[in-house]
Amino acid sequence: MLNGIPQPAFYIFKCQQSAPPGMPKPSCVSQNSPESQELFQHLSQSLMQKGIIATVQPIQTSCLNRCQQGPVMLVEPGHTMYVELTKEKVDKIIDEHIIGGNVVDEYVIAEEAWGEAIAPADMAR
Ligand code: FES
């Protein structure tokens, strides 16, 4: 058993789904947007540069089902879904939310696109 290794304070799930070329559906990583292709690396590098990578774990995920508003990433704990990301927005989220403790409301998904979660106990058969 390992002692004394703290759990991460945050997990940041960055959608890395990319649609195949010619596919009309939008995706968070796009062939036509170099910035979208660099966002995960930018996120990881910024966490490293700020010295917090040991307590904030960036994770690459597949589609989080909010493709129309990509690039997106989900911050846990808190179920905070950030949309239409750029490098600049990622940096602001790290400074104000992850380090500062205040959700950056202007980048959060609209409430109607992110309704309350349904408890699995209410759905289970
Ligand atoms: S492709 Fe990123 S949410 Fe679907």
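Computed from a prediction, not measured in an experiment: that's the story for all the values here.

Novice: Just to check I follow, could you spell out helix α2 (residues 87-99) for this structure?
Specialist: Because each turn of an α-helix spans 3.6 residues, side chains separated by three or four positions in sequence point in the same direction. End to end, α2 covers 17 Å across 13 residues, agreeing with the expected 18 Å (1.5 Å per residue, within 8%). Roughly 30° is the biggest bend found in α2, and it falls at I93. For α2, every residue scored as buried is listed here: V90, I93, I94, H97 and I98. Contacts made by the buried residues of α2 are with β1 (10-15), α1 (34-49), β2 (56-61), β3 (73-76) and β4 (80-82). Just downstream of α2, G101 is the residue with a positive phi angle, here 85°.

Novice: Quick question: what am I supposed to make of unusual backbone geometry here?
Specialist: With an omega of -5°, the peptide bond running from G70 to P71 counts as cis. Put simply, E76 and P77 share a cis peptide bond, and its omega is 5°. Structurally, the position occupied by P77 is in the loop between β3 and β4. The phi angle at H79 is positive, at roughly 55°, despite the residue not being glycine. By the secondary structure assignment, H79 is in the loop between β3 and β4.

Novice: It is not clear to me how the pairing of β2 should be interpreted in this structure. Could you clarify?
Specialist: In the case of a regular strand, side chains alternate between the two sheet surfaces. When β1 meets β2, the two strands line up parallel, connected through 6 bridges. Along β2, the bridge assignment pairs C15 with T61. Tracing the backbone out of β1, into α1 and back to the parallel element β2 gives a crossover that is right-handed.

Calculation notes
Sequence positions are assigned chain by chain, starting from 1 and proceeding in written order. Residues qualify for local features only when their pLDDT is at least 70, as the model is predicted, and side-chain atom pairs are given and counted only at 80 or more; totals for whole chains, interfaces and linings, by contrast, use all residues. Counting from the N terminus, the helices are the DSSP runs of H or I reaching at least four residues and the strands are the DSSP runs of E reaching at least two. By this rule the span expected of a helix is its residue count minus one, scaled by 1.5 Å. The term bend refers to the angle at a residue between two fitted axes, each drawn through seven residues, those ending there and those starting there. Here the C-beta atoms are placed from the backbone, and a residue counts as buried if at least 20 other C-beta atoms lie within 10 Å of its own, exposed if 12 or fewer do, and partly exposed otherwise. Contact between two residues is assigned whenever their backbone-derived C-beta positions fall within 7 Å. The pairing criterion for strands is at least two bridges between them, as found by DSSP. If you view a crossover with the strands going away from you and the path from the first strand over the helix to the second runs clockwise, you call it right-handed.

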